[in-house]
Amino acid sequence: MKFTCEKALLVSALSVASRTVAQKSTIPCLEGVLLRAGVALQLTGYNLETGITVHVGAQIQEAGSCVMPARLFFDIVRKLPDEMVSITVDHKQQVSIRAGAAFFQITAMDSEDYPELPDVNGKSGVTMPQSALKAMISGTIFSVSENQARPIQTGCLMEVTEDSVTMVAVDSFRLARRTWHTQNAANHTLKFVVPAAGLKEIERILEDSDEPVTFTLGDKHILFSIGDALLVSRVLEGEFIDWRRVVPTNCGTVLTANVAELTSSIERVSLIISEKVKSPVRCVFGDNMADFRTANTIGSAHDTCSIAGNGGELEIGFNSRYLLDALRVIPSEEVTLELQNGLSPIVFTPCDKKYDFAYMVLPVRLRSNS
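The rules behind each value
Residues numbered from 1 in each chain as written. Predicted model: local features only at pLDDT ≥ 70, side-chain atom pairs only at ≥ 80, totals over all residues. Heavy atoms only, no water. Pairing = 2+ DSSP bridges. Helix = DSSP H or I, 4+ residues; strand = E, 2+ residues; numbered from the N terminus. Axes fitted to C-alpha atoms, helices over the stretch in contact; angles between N-to-C directions. Contact = heavy atoms within 4.5 Å. Parallel < 35°, antiparallel > 145°, perpendicular 65-115°, else oblique. Left-handed = near helix turned anticlockwise from the far one by under 90°. Nonpolar A, V, L, I, M, F, W, Y, C, P; charged D, E, K, R; others polar. Phe/Tyr/Trp six-rings, centres within 6.5 Å; stacked < 30°, edge-to-face > 60°. Buried < 20%, exposed > 50% of the residue type's maximum accessible area, 1.4 Å probe, protein only. Salt bridge = Lys/Arg side-chain N within 4 Å of Asp/Glu carboxyl O. Arc of directions from axis to C-beta.

**Things to note about the sheet that holds strand 8 (residues 94–99)**
Reading across from one edge, 5-1-7-8-9 is the order of the five strands in this open sheet, with antiparallel pairing throughout. Looking at strand neighbours, the two that pair on one side only are strand 5 (59–62) and strand 9 (102–107), the edges of this open sheet. Taking the axes of each pair of neighbouring strands and ignoring which way they run, one obtains an average angle of 15 degrees across the sheet. Summarising the sheet, strand 1 (residues 2–6) and strand 7 (residues 84–89) pair through five bridges and their orientation is antiparallel. Following the sheet pairing, Thr-4 is matched in strand 7 by Ser-86. The sheet contacts of helix 1 (residues 7–17) involve strand 1 and strand 7, and relative to strand 1 the element is tilted by about 95 degrees.

**A word on the packing of helix 6 (residues 259–269) against helix 7 (residues 320–327)**
Relative to each other, helix 6 and helix 7 sit at 160 degrees, their axes nearing to 10 Å. Between helix 6 and helix 7, the crossing angle belongs to the class labelled roughly antiparallel. You can see that helix 6 and helix 7 cross each other, and the crossing is left-handed. Where helix 6 abuts helix 7, its residues Val-259, Leu-262, Thr-263, Ile-266 and Glu-267 lie against Ser-320, Leu-323, Leu-324 and Leu-327. Residue composition of the contact of helix 6 with helix 7, by class: six nonpolar, two polar and one charged.

**Concerning the side chain of Ser-320**
Within the secondary structure, Ser-320 is located in helix 7. Those residues in contact with Ser-320 that sit more than four places away from it in its chain are Ile-266, Ser-270, Ile-273 and Val-281.

**Regarding the packing of aromatic side chains**
Any pair of aromatic rings gets described here by the distance separating the centres and the angle formed by the planes. Per the counting criterion, the structure on display carries six aromatic pairs. When the ring of Phe-285 is compared with that of Phe-292, the centres are 6.5 Å apart and the planes differ by 90 degrees; the resulting orientation is edge-to-face. For the pair Phe-285 and Phe-292, one class covers both residues: buried. Grouping aromatic residues by their ring pairs yields a cluster made of Phe-142, Phe-348 and Tyr-359.

**Description of the sheet that holds strand 17 (residues 229–234)**
In spatial order, the strands read 6-2-3-4-17-16-15-10; together these eight strands make up an open sheet with antiparallel pairing. This sheet does not close on itself; its edge strands, each paired only once, are strand 6 (64–69) and strand 10 (126–129). Taking each pair of neighbouring strands and ignoring which way they run, the sheet shows an average axis angle of 20 degrees. Pairing analysis gives six bridges linking strand 3 (residues 41–46) to strand 4 (residues 50–56), with the strands arranged antiparallel. For Thr-44, the partnering residue across the bridge sits in strand 4 and is Thr-53. Packing against the sheet, helix 3 (residues 130–138) makes contact with strand 10, strand 15 (212–217) and strand 16 (221–226), and its axis sits at approximately 90 degrees to strand 10.

**As for the pairing of strand 19 (residues 281–295)**
Where strand 19 and strand 20 (residues 300–318) come together, 13 bridges link them in antiparallel fashion. Bridge pairing in strand 20 links Met-289 to Ser-306. Between strand 19 and strand 20, which pair antiparallel one after the other, the connecting turn spans four residues.

**Observations concerning the packing of helix 1 against helix 2 (residues 70–79)**
Their axes nearest at 9 Å, the elements helix 1 and helix 2 cross at an angle of 150 degrees. Classified by the angle between their axes, helix 1 and helix 2 sit roughly antiparallel to one another. Remark: the crossing between helix 1 and helix 2 carries left-handed chirality. Across the interface between the two elements, Lys-7, Leu-10, Val-11, Leu-14 and Ser-15 from helix 1 touch Phe-73, Phe-74, Val-77, Arg-78 and Lys-79 from helix 2. Its residues assigned to classes, the contact of helix 1 with helix 2 comprises six nonpolar, one polar and three charged.

**Observations regarding the pattern of salt bridges**
Under the definition given, this model contains 17 salt bridges. The salt bridge involving Arg-204 is made with Glu-201; its shortest N-O contact spans 2.9 Å. Taken together, the residues Arg-204 and Glu-201, both in helix 4 (residues 196–205) and three residues apart, mark about one turn of the helix. Using a relative accessible area of 11% as the deciding quantity, one classes Glu-201 as buried. For Arg-328, the salt bridge identified is with Glu-267, shortest N-O distance 3.0 Å. One end of the pair, Arg-328, is in the loop between helix 7 and strand 21 (334–339); the other, Glu-267, is in helix 6, and 61 residues separate them in sequence. The exposure class of Arg-328 is exposed, given its relative accessible area of 52%. What makes Glu-267 partly exposed here is its relative accessible area of 31%.

**Quick notes on helix 3**
Gln-130, Ala-132, Leu-133, Met-136 and Ile-137 are the residues of helix 3 that are buried. The buried residues of helix 3 occupy an angular sector of 165 degrees when projected down its axis, which confines them to one face.

Put into structure tokens, the structure is as follows:
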């Protein structure tokens with residue numbers, strides 16, 4: 001195998017493909033990056049759950065394939081002079097890398113043992129702007145459960161209809177939902193769960209642009225096509241929670257607050273809360289004012305924030321991190337807080353109606369002496 005490629009293109013492709021390289025595997029070649037030179041140059045990283053293939057513009061002098069040691073190969077290419085990179089691999093898997101006056105020789109692995117990425121032969125794909133999918137992932141993925149005892153909740157549910165794409169993430173304490181509306185999302189309905197690990201890699205590849213991203217669902221895997229990159233991920237099996245049933249719809253109290261001011265108040269009160277010293281934030285919603293306070297062995301903190309509406313002095317305790325996670329992804333300047341009673345969740349929704357987003361946080365019980 002022999003090819004020549006611009007350094008910048010090779011570094012960019014390696015940084016994407018190497019994200020799904022297995023850190024430790026019983027299959028040694030999975031700890032490397034697969035290079036295939038044919039009509040074009042392809043770089044692949046695969047960990048048996050998620051795989052990324054990137055196409056790179058290169059001059060192919062001799063077709064072939066090999067598996068490069070991922071970290072070493074990336075470090076070498078990244079440090080090469082900003083010139084054309086020439087790579088030659090002989091029949092003994094000896095690799096020569098040259099750029100300008102710099103020269104390296106390393107040993108690659110045979111590509112015959114590298115497993116093929118799953119073929120995804122599904123119905124017609126669903127296409128949407130990259131910025132829309134990126135916003136959906138960032139607006140929900142932080143609510144994914146890390147509890148492996150409930151594997152279906154370690155991913156995000158995606159629901160596709162004729163006019164929308166919805167993404168939902170849940171754990172035992174909160175729920176996040178975001179929807180993108182369109183005229184023609186798909187001519188058929190889809191419902192599947194994508195592991196959080198795969199979605200995090202997709203989020204890193206996506207750009208804040210209107211360039212298209214297309215995903216196609218197969219029997220057990222889903223394929224995302226993003227520019228020159230293809231990402232394949234398995235889908236999780238199992239029954240996802242009926243999120244429509246658990247989200248409150250008739251909350252008795254509806255308040256409005258400025259996102260930045262509300263976030264700042266909760267952040268200040270949370271300064272004395274840590275992983276070692278945990279305590280709930282006690283929230284009292286009064287007439288045009290929200291009162292936040294907490295107390296633990298470190299000390300106590302108190303702050304207030306102006307709101308629009310009367311909460312009737314309703315008092316609820318929450319995990320401050322869950323409240324802040326919600327507020328930090330609200331895409332509008334103002335947020336609606338929907339409350340019912342001291343044992344019901346609080347629901348956050350943007351006041352700007354162009355955003356279809358909801359975030360639900362369950363309360364914690366408050367001690368009478370706190």
